[in-house]
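Structural features, examined
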Amino acid sequence: MAEVKIEESWNKVLSNEFQQTYFDALIAQLKTEKQHNTLIYPPGPLIFNAFNQTPFDQVKVVILGQDPYHGAGQAHGLCFSVPNGVAPPPSLKNIYRELKSNYPEFQVPAHGNLEAWAKQGVFLLNAILTVRANTAASHAKIGWETFTDQVIRLLSAQKEHLVFILWGSFAKSKAALIDSSKHLILQSGHPSFADSHKQFFGHQHFKKCNDYLLANQQQPINWQV
């Protein structure tokens, strides 16, 4: 997987992790699947897209997803995001709806590309960074969770006044990795269609996030995309 690269500040922070036995095994499994012509999303150069779009030194907000979209052309390495030209999935439509309730001036876009958030310091991290085509959670328990748990621990330990946004039971299970005495943790149900009406809407997470950033002398996020 020589085409896979990660941004330099992240490479420095995670250099020890890349030397671990579990990470070697993870990469070996992905290589084996590719040798058997298994289609894996996102493409190799985009596996670490969240890291490359939002360097470690620039992270202000962490939104945690579970694993990439598994449909053709959807995944591009940013949780909940899809490339230009791909229709926003139901979860993202609900995220936009909640944003509109937080900020009435928000204009719901026709696209689902959240790169504009990433470039402002919103780290759009999936706990599992790859998936087999058309098979949700197919790369669970091959090592990615061990890696991204450590990413969350390092962000918590080495930075201050981050906002961690955890939607759904899977994401909320990661709260134990975060020092709540120096970071804001926002939790609710998942924005998926089945979950949204009872548990996701109305929590005002986007506004609470910006209020916290402002209270800690940081530039708020412009959520318009």
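The text that follows walks through the structure, step by step, so that each part is easy to find. (Residues numbered from 1 in each chain as written. Predicted model: local features only at pLDDT ≥ 70, side-chain atom pairs only at ≥ 80, totals over all residues. Heavy atoms only, no water.)

Another aspect to go through is the nonpolar core. In this structure, Phe 51, Trp 117 and Trp 144 are the most contacted members of the largest nonpolar core, which totals 67 residues. In terms of residues, this core owes the most to one element, helix H6 (residues 144–158), which gives 6 residues. Leaving out residues up to four positions away in the same chain, Trp 144 has contacts with Phe 23, Leu 26, Leu 30, Ile 47, Phe 48, Ala 127, Ile 128, Leu 129, Thr 130 and His 139. (Core = buried A, V, L, I, M, F, W, Y, C linked by side-chain atoms within 4.5 Å. Buried < 20%, exposed > 50% of the residue type's maximum accessible area, 1.4 Å probe, protein only. Helix = DSSP H or I, 4+ residues; strand = E, 2+ residues; numbered from the N terminus. Contact = heavy atoms within 4.5 Å.)

All right, on to H6 then. Across its 15 residues, H6 extends 21 Å between first and last C-alpha, which sits within 8% of the 21 Å expected from 1.5 Å per residue. Listed as buried for H6 are Trp 144, Glu 145, Phe 147, Thr 148, Asp 149, Val 151, Ile 152, Leu 154, Leu 155 and Ser 156. In this structure, the buried residues of H6 make contact with helix H1 (8–14), helix H2 (21–35), helix H3 (49–53), strand S2 (61–65), strand S3 (122–126) and strand S5 (163–167). (Expected span 1.5 Å × (residues − 1).)

What follows concerns the side chain of Thr 148. Summarising the element assignment, Thr 148 is placed in helix H6. The exposure class of Thr 148 is buried, given its relative accessible area of 0%. Engagement of the side chain of Thr 148 in a polar contact is seen with the backbone oxygen of Ala 127, the distance being 2.7 Å. The contacts of Thr 148, once residues within four sequence positions are left out, are Leu 125, Asn 126, Ala 127 and Leu 129. (Polar contact = N/O pair within 3.5 Å; in protein donor to acceptor, adjacent residues only side chain to side chain.)

Moving on, we come to the packing of aromatic side chains. By the definition in use, this model includes 23 aromatic pairs. Centroid distance Tyr 96 to Phe 106: 5.9 Å. Interplanar angle 45°. Geometry classified as tilted. Residue Tyr 96 is found in helix H4 (residues 90–102), and its partner Phe 106 is found in the loop between H4 and helix H5 (115–118); the two are separated by 10 residues along the sequence. For the residue pair Tyr 96 and Phe 106, the accessibility class agrees, reading buried in each case. Residues Trp 144 and Phe 147 carry aromatic rings whose centres are separated by 6.0 Å and whose planes lie at 70° to one another, so their mutual orientation is edge-to-face. With Trp 144 and Phe 147 both in helix H6, this residue pair falls 3 residues apart, about one helical turn. Classification of Phe 147 by relative accessible area gives buried; the value is 0%. If you follow Arg 97 out to its NZ or CZ, it ends over the ring of Phe 201, 4.2 Å from the centre. In this structure, Lys 159 packs its charged tip against the face of Phe 56, placed 5.2 Å from the ring centre. (Phe/Tyr/Trp six-rings, centres within 6.5 Å; stacked < 30°, edge-to-face > 60°. Lys NZ or Arg CZ within 6 Å of the ring centre and 35° of its normal.)

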